[in-house]
Amino acid sequence: MKWDEFSQWGEKISQWAAAYHTDLRDRPVRAQTAQGDIAAALTTAPPEDGEAMETIMADFERIVMPGITHWQHPRFFAYFPANAAPPSMLADMLVSTIAAQCMLWQTSPAATEMEGVMVDWLRQALDLPEGFSGVIQDSASSATLSAVLTMRERATNWRGNREGLSAMGRLRIYCSDQVHSSIDRACWVAGIGQENLVKIGAGSSGHAYEMDTSALAAQIKADRTAGYTPAGIIAITGGTGIGAWDFLSDVLKVAKDEELYTHLDAAWAGSAMICPEFRAKYWGGVEGFDSIVFNPHKWLGAQFDCSVQFLRDPSQQLNTLKIEPEYLKTSGEAVTNYSEWTIPLGRRFRALKLWFLIRSYGLEGLRNRIRNHVSWAEELCEVLRAKEPFEIVTEPILSIFSFRCPGDDAVQQRLVDAINDDGRIYITQGMHEGRKVIRFQVGQFDCTRDDVMLAGDVITEIWEQLT
Ligand SMILES: *Cc1c(COP(=O)(O)O)cnc(C)c1O
């Protein structure tokens, strides 16, 4: 492709993008295609001769678009959001254009230096103390795996990487039963094993569904007596199922008594901690954690992928992950090479979208959105509570709550599926205390109060059609 043709298509595609977002409310939120539809529409073999961009783009609209679930649809209330505010999208277009691989300081000093400054902007926005530094990762799963590996190395006196785990005894990691599956997977991959990830039951004082820290302390003591080696504790702010949040100071007290490394998973809820009132309610004591992860690519508005891991003492993670073969050595002064902080070597320039996003809206603009989402979720929860057949199962935690309609678990799923087949809104289910619940979360960047209130009408209308 010649660059003048690139320029014409670049213009067309950015016009297409603006029109797509402007008219998004007219599309069904969840893709309405059946399994295999899209694969069947693609040619089975690659072309021998090049094709015109007109043809490729026309096929994109015809074949690909019907098979897209619209995460940027303002009535996306499923899972958690994956926002992409327009300025962050523009930044990512620039990043795609420059296409630099930013593994070392010298492979693009601007990327490394901006990453350090953006992590510090967010540190200030979250009111974490000076001294925390951090790194931008692709996902919370990777950040949590890095933290679990650090727990493992620290607990084996930095011998695990060198000698393997066969002679290291059985390590154990502790968390509540409300954590995300990425924590289980991190323990599988790190060689800790599912059986040595001990999930402590959650209490429910004040609807937090927090880890029972007396049970945690007792379990750690019992494990030491039985010959296990406790390695770390993972706490959560905003669990995936219903938004559970641990009482951080209580968790940290146990960690301190037992001298354990601590990691906090705030992948979704961390964005809301830029609001002082939520920070005060949910994050008392947070500064005591060794590692904290949150995803600006969820609620804050940075285009996927962008996950920030804060570290109180990065040398522990560097001692775990840093490797320096000759071909990666750089001469001159000591510099930060962020690939030494993470598992993948190659890195995208992820800081630029944060710079565009935060400058474009300001922290106050971002806070206002989050505050609106929380208050609209609370309002819809009251609307559903007041409607006869629905039962609120878990109260709003930030912008998530869960409910049930009359009937067994199969009926809950039938209602969820019927709502998503209708297409005006998109919601998903979860499990809570052994029962299926219908989750509702508000967090899409362009969502309005009307969108949330319409969801209440859709839920009622589809329920009435089912019965
Ligand atoms: C989304 C989420 C994750 C996983 O995030 P990825 O960035 O997709 O790996 C982990 N924990 C919690 C609480 C989440 O909400």
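Residues numbered from 1 in each chain as written. Predicted model: local features only at pLDDT ≥ 70, side-chain atom pairs only at ≥ 80, totals over all residues. Heavy atoms only, no water.

A. Region of interest: the sheet that holds strand β4 (residues 229-236). Across the sheet, seven strands lie side by side as β1-β7-β6-β5-β4-β2-β3; this open sheet has mixed pairing. A single partner strand is all that each edge strand has here, and the edge strands are β1 (133-137) and β3 (197-200). This sheet shows a mean twist of 20 degrees between the axes of neighbouring strands, independent of strand direction. Bridge analysis of strand β5 (residues 261-265) against strand β6 (residues 291-294) gives three bridges, and the strand direction is parallel. What sits directly across from D265, in β6, is V293. Most of the contacts of helix α8 (residues 181-189) go to β3, to which it runs at about 155 degrees, and overall it touches β2 (171-176), β3, β4 and β5. Of the strands in this sheet, β4 and β5 touch helix α10 (residues 248-258), which is tilted by about 170 degrees from β4. (Pairing = 2+ DSSP bridges. Helix = DSSP H or I, 4+ residues; strand = E, 2+ residues; numbered from the N terminus. Axes fitted to C-alpha atoms, helices over the stretch in contact; angles between N-to-C directions. Contact = heavy atoms within 4.5 Å.)

B. Focus on the sheet that holds strand β9 (residues 400-404). Reading across the sheet, the four strands line up as β8-β9-β11-β10 and stay open at both edges, with antiparallel pairing between neighbours. The open sheet has two edge strands, β8 (391-397) and β10 (428-432), and neither has a second partner. With direction set aside, neighbouring strand axes in the sheet form an average angle of 30 degrees. Here four bridges tie β8 to β9, and the two strands are oriented antiparallel to one another. Bridging across to β9, T394 finds its partner in S402. Lying on the sheet, helix α14 (residues 351-386) is in contact with β8, β9 and β11 (435-441); it crosses β8 at an angle near 165 degrees.

C. Expanded view of the environment of G191. Summarising the element assignment, G191 is placed in the loop between α8 and β3. Note on G191: relative accessible area 46%, which makes it partly exposed. Through-space distance from the C-alpha of G191 to that of H21 is 44 Å; in sequence the pair is 170 residues apart. (Buried < 20%, exposed > 50% of the residue type's maximum accessible area, 1.4 Å probe, protein only.)

D. Quick peek at the site of the ligand. Lining the immediate environment of the ligand, one finds 14 residues, of which A140, S141, D265, N295 and K298 sit closest. S141 places a polar side-chain atom, nitrogen or oxygen, 2.5 Å from an oxygen atom of the ligand. Measuring from an oxygen atom of the ligand, one finds a side-chain N or O atom of K298 at 2.7 Å. Relative to its unbound accessible surface of 380 Å², the ligand loses 87% to contact with the protein. Elements supplying a minimum of two residues to the shell around the ligand: α6 (140-155) and α12 (296-300). Partitioned by chemical class, the residues of the shell around the ligand number four nonpolar, eight polar and two charged. (Near = heavy atom within 4 Å. Polar contact = N/O pair within 3.5 Å; in protein donor to acceptor, adjacent residues only side chain to side chain. Areas by Shrake-Rupley, 256 points an atom, 1.4 Å probe, with all protein chains shown as cover. Nonpolar A, V, L, I, M, F, W, Y, C, P; charged D, E, K, R; others polar.)

E. Representation of the pattern of salt bridges in the model. As enumerated under the stated definition, the model contains 32 salt bridges in all. Across the pair R312 and D290 runs a salt bridge, and its minimum N-O distance is 3.0 Å. Remark: D290 occurs in the loop between α11 (276-282) and β6 and R312 occurs in the loop between β7 (307-311) and α13 (314-321); sequence separation between them is 22 residues. Of the residues examined, D290 reaches a relative accessible area of 14% and is grouped as buried. A salt bridge links R424 to D422; the shortest N-O distance between them is 2.9 Å. Linked through salt bridges whose partners overlap, the residues forming this network are D92, D305, R348, R350 and K353. (Salt bridge = Lys/Arg side-chain N within 4 Å of Asp/Glu carboxyl O.)

F. Inspection of the nonpolar core at higher detail. Among the nonpolar cores identified, the biggest contains 68 residues, and I233, M273, F278, W283, I292, F310 and L398 are the most heavily contacted of them. Ranked by residue count, the leading element in this core is α14, at eight residues. If we skip the residues at most four places from it in the chain, L398 touches W268, A269, A272, M273, F278, Y282, W299 and V374. With 28 residues, the next largest nonpolar core counts L384, F390, I419 and I427 among its residues. (Core = buried A, V, L, I, M, F, W, Y, C linked by side-chain atoms within 4.5 Å.)

G. Structural detail: the side chain of Q178. As for its position among the elements, Q178 is in the loop between β2 and α8. Since its relative accessible area comes to 17%, Q178 is described here as buried. Setting aside residues no more than four positions away along its own chain, Q178 makes contact with A202, Y209, I236, G239, T240, I242 and A244.

These values are about where atoms sit, not about what they do.
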